[in-house]
Amino acid sequence: MKMQKPLLLALAAITLAAPLAAGAYEGNWKRGDIYYRMVCSDCHKSQPCGPIAPNSRTRAEWMSYLEADKHAKGKEALKPYFGKAFRASIAGKNKAAAKFADVPDAELQADVEALLMRSAKDGDAPTGCR
Amino acid sequence: MSKVQGLRNLAGWLFLAMIGGIFFSVGALAAGVNHAKFGVLKQDFKSGPEVTRACLTCHDEAAGEVMKTPHWTLSQLNPSTGQMVGKKTLVNNFCIGIASNYPDCTSCHVGYGFKDKTFDFTKEENVDCLACHDTTGTYRKPSGLAGHPVYQEMEFPPGSGEILRPVDLRKVAQNVGKTSRYTCGACHYYGGHGNGVKHGDLDASLEAPDRELDVHMDALGLDFSCSTCHKAAGHKIAGSRFQMNVKRPGPPVRGMPEDSNPASCESCHGAAPHSVDTMAKIKPIPGFTKAGMAAVVNQHNNKLACQTCHIPAMARGGVPTKMLWDWSAAGKMGPDGKPTIEKDAKGHTVYDSKRGTFVLAENVVPEYVWFNGEVKYTLLGDKVKKGEGHFPINRFGGSPNDGKSRIWPVKFYRGVQPYDPVNQTLVIPNTYDDGSSGSSYFASFNWEKAVAAGMADAGAPFSGKVDFIKTEMLWPITHMVAPKEKALACNECHSRNGSLAEGRMKKVPGLKKGPLFKLNP
């Protein structure tokens, strides 16, 4: 039984972990939509409609922007704007930042990425001025 | 340890592991069934009806339920007026009517293939499950495809240069779930051929609204979906502008069986929602205690819809709503002799050679009318009269004295649309261009041809003459409920001496216009 116990514990762990493995995190585009509208668009405005429309760029252009990790015309990195520290810094005046205070940075970036891939000019549901 | 005991232990551990796994899986999927695991959905679907056939292998009664609803029939009998109402029968002053324009209009039908009036309403596989149950946000049904999504990459409309990508039906089918603000809104935000055009209180800003825009749908707060209020049973959804409950003997109770309407404020808030606490922040009225003030405000519930005070303006989310559409201005070409489009400073179309002139507005203060819930429409064939004013496309029943009416906020929407001056009827023009008939107004810019085709399809008489008539339509306002601190204050309606003569209610008949009581100076 001494030999069986670790084996069985491993088996149980695999069984328990299976649903997790199957559900590896995919960006939640709905949460990304909220963050994009209420945090990103809070600063980023453009003519004519105000918030920058997701369909103002193609998927490739958005991916290139996200991967380049450059913000403010290259003066700083983009990633921190998905980070907990940034959210905490604006939580007092931005309810979305406060609401998502504990979301892991990578998840939130994946959420926004999922939204942009869906809503880009050549996305499945191009989204313009709203 | 004996061999038997070892086997027993092994069986015990396996049992525990299995139970643990089951509990974990159930917990992980508490939000809904994981459809990705079903074999019937692990196929490369070539069409929407194929997906529906797969859905029906388990949900065998769902299509039958959907087929009894107006979302499928696009028409319903209004028992109080005896009129058949709905997209299939009505004429409006937006896109006007469905006859001869089916492929365009039926992108908002919960079905596949409604391309003309021969559509088979009995075929279950034609029911579109995904339009309402998609959670991926990738399922779209473009105008012109008769309710189908895109199955293969295509340029649409042909020659436009716009490339539509196919929908991954397998992915969408494996991720079905509850309806959302996005799925309902895919049609209800875009009625009248554009975002926010029709209702005034429904547009894409409600996909992820903040508290200021809608206190219930606030994506960071209560986060209501449409179905939180518009409760469904057997795919029948409560709450429709065609049959509204505006006043009842008592508050309707959520979840009551038939003949109840849970899509009402009172179903949650009751008939006397204002308490002493809610009065705490309101400026005192001389001679009234807080309890007295609460009683006075609750008394308003007898004559005012909740929406009247709690929706101070419509189109508040940054999306304008259409206030006027003048079809008579259509047909003017650009300098190059081709159809042209003009936009306003915010990029919204205000002139289109194919459609005419539009007037748009944001933050629109509603108008107010007595309303008892009864709406009577001017149907195709009903006589209309051209005059100085606007002929009503619909009429709201109600009066100050009938004991059934309350004052409701409405959007007054005006149009100038083609009509038959000889028969004195509204008409439906063929606007959708299938590229072959040549009768479409969008292709021919010839109203007589377009109306002849539309009326022939509708089976309605047409004299051959076309003129234009000014019309108006009323839309009840009930969404975009503001936070309580943004509700109308007393002085929005009552002047300092209490009179209603100058405030928001000044045009509403039957109200005492003289001093009622004195507000704070």
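Residues numbered from 1 in each chain as written. Chains lettered and ligands numbered in written order. Predicted model: local features only at pLDDT ≥ 70, side-chain atom pairs only at ≥ 80, totals over all residues.

(A) Layout of the overall build of chain A. Looking only at helices and strands, one finds 6 helices and 2 strands in chain A. In chain A, the succession of α and β elements from N to C terminus is α-α-β-β-α-α-α-α. Out of the 130 residues belonging to chain A, those deemed buried represent 29%. Long-range contacts, defined as pairs at least 24 residues apart, comprise 64% of the intrachain contacts of chain A with a sequence gap of at least 6. (Helix = DSSP H or I, 4+ residues; strand = E, 2+ residues; numbered from the N terminus. Buried ≥ 20, exposed ≤ 12 C-beta atoms within 10 Å, placed from the backbone. Contact = placed C-beta atoms within 7 Å.)

(B) Quick look at the overall build of chain B. Along chain B, the regular secondary structure elements total 14 helices and 17 strands. With the principal axes as the frame, chain B shows a C-alpha extent of 100 × 70 × 45 Å. Counting only contacts in chain B whose residues sit at least 6 apart along the sequence, the fraction spanning at least 24 positions is 64%.

(C) A look at unusual backbone geometry. Residue P157 of chain B is bonded to the preceding F156 of chain B through a cis peptide linkage, with omega at -10°. On the secondary structure map, P157 of chain B appears in the loop between β3 (154-155) and β4 (163-164). Here A72 of chain A, not a glycine, exhibits a phi torsion of approximately 55°, which is positive. In this structure, A72 of chain A sits in the loop between α3 (59-68) and α4 (84-90). Assessed through the 10 C-beta atoms surrounding it within 10 Å, A72 of chain A is described here as exposed. The backbone of A146 of chain B shows a phi angle near 55°, a positive value even though the residue is not glycine. C-beta crowding within 10 Å serves as the criterion here: with 20 such atoms nearby, A146 of chain B is assigned to the buried category.

(D) How the structure looks around the environment of R57 of chain A. By the secondary structure assignment, R57 of chain A is in the loop between β2 (50-51) and α3. Distance from R57 of chain A to M117 of chain A, taken between C-alpha atoms, is 9.9 Å for residues 60 residues apart in sequence.

(E) Here's a closer look at the nonpolar core. Residues and elements named next belong to chain B. Within the largest apolar cluster, 71 residues are counted, with the highest numbers of intra-cluster contacts made by V369, W408, V427, I428, V451 and M455. Broken down by secondary-structure element, the contributors of at least two residues to this core are α5 (102-105), β10 (356-361), β11 (367-371), β12 (375-377), β15 (406-420), α13 (441-444), α14 (447-458) and β17 (467-476). With 7 residues, the top contributor of residues to this core is α14. (Core = buried A, V, L, I, M, F, W, Y, C linked by C-beta atoms within 7 Å.)

(F) Spotlight on α14 of chain B. Residue and element names in this part refer to chain B. The end-to-end C-alpha distance of α14 is 16 Å, a good match for the 16 Å that 12 residues give at a rise of 1.5 Å each. Among all positions in α14, only W447, A450, V451, A452, A453, G454, M455 and A458 are buried. The secondary structure elements touched by the buried residues of α14 are β15 and α13. Note on α14: the residue one or two positions beyond its end, G459, has a positive phi of about 70°. (Expected span 1.5 Å × (residues − 1).)

(G) Just the confidence of the model for chain B, in detail. Residues and elements named next belong to chain B. Residues with a pLDDT of 70 or more make up 90% of chain B, whose mean pLDDT is 89. Within the model, pLDDT remains below 50 along residues 17-30, and this stretch shows 16 contacts once partners closer than five positions in the same chain are excluded. Confidence over residues 250-257 falls short of pLDDT 50; this stretch has 18 contacts with residues more than four positions distant or in other chains. For this predicted complex, the interface score ipTM comes out at 0.80, alongside a pTM of 0.88. (pLDDT = per-residue confidence, 0-100.)

(H) Looking closely at the pairing of β17 of chain B. Residues and elements named next belong to chain B. Here 2 bridges tie strand β13 (residues 391-392) to β17, and the two strands are oriented parallel to one another. In the strand pairing of β17, P392 is matched with E472. Pairing geometry for β15 and β17, over 10 bridges, is antiparallel. Within β17, the residue paired with Y413 across the bridge is M473. (Pairing = 2+ DSSP bridges.)

(I) Main features of the environment of T357 of chain B. Residues and elements named next belong to chain B. Assignment of secondary structure puts T357 in strand β10. C-alpha of T357 to C-alpha of P421: the two residues are 64 residues apart in sequence and 22 Å apart in space. When neighbours within four sequence positions are excluded, T357 is seen to be in contact with D326, A329, V350 and Y351.

(J) Highlighting the packing of helix α2 (residues 29-43) of chain A against helix α6 (residues 105-119) of chain A. Residues and elements named next belong to chain A. Remark: α2 packs on α6, axes separated minimally by 7 Å, with the N-to-C direction vectors making an angle of 95°. Our classification of the angle between α2 and α6 gives roughly perpendicular. Facing W29, R31, G32, D33, Y35 and Y36 of α2, the residues of α6 in contact are L108, D111, V112, A114, L115 and R118. A per-class count over the contact of α2 with α6 returns 7 nonpolar, 1 polar and 4 charged. (Axes fitted to C-alpha atoms, helices over the stretch in contact; angles between N-to-C directions. Parallel < 35°, antiparallel > 145°, perpendicular 65-115°, else oblique. Nonpolar A, V, L, I, M, F, W, Y, C, P; charged D, E, K, R; others polar.)

(K) Broad picture of the confidence of the model for chain A. Residue and element names in this part refer to chain A. For chain A, per-residue confidence averages 84 on the pLDDT scale, and 77% of positions sit at 70 or higher. Mean pLDDT values for the elements of chain A range from 50 in helix α1 (residues 4-22) up to 97 in α4. Segment residues 14-22 is flagged for pLDDT under 50; beyond a separation of four residues in sequence, or across chains, it makes 11 contacts in the model.

(L) Highlighting the pairing of β15 of chain B. Residue and element names in this part refer to chain B. With 13 of its 15 residues buried, β15 lies for the most part within the structure. With 3 bridges connecting them, strand β7 (residues 321-326) and β15 associate as parallel partners. Across the sheet, residue D326 finds its bridge partner in β15, namely V416. Where β11 meets β15, 5 bridges bridge the pair, whose relative direction is antiparallel.

(M) Here's a closer look at the environment of D102 of chain A. Position of D102 of chain A relative to the elements: it lies in the loop between α5 (95-99) and α6. On a C-alpha basis, the gap between D102 of chain A and L66 of chain A in space is 21 Å, while along the polypeptide they are 36 residues apart.

(N) Broad picture of helix α2 (residues 48-56) of chain B. Residues and elements named next belong to chain B. Residues of α2 that are buried: G48, V51, T52, A54 and C55. Considered in projection along α2, the buried side chains sweep an arc of 160° and stay on one side of the axis. Contacts from the buried residues of α2 go to α3 (62-66), α6 (130-133) and α7 (169-174). (Arc of directions from axis to C-beta.)

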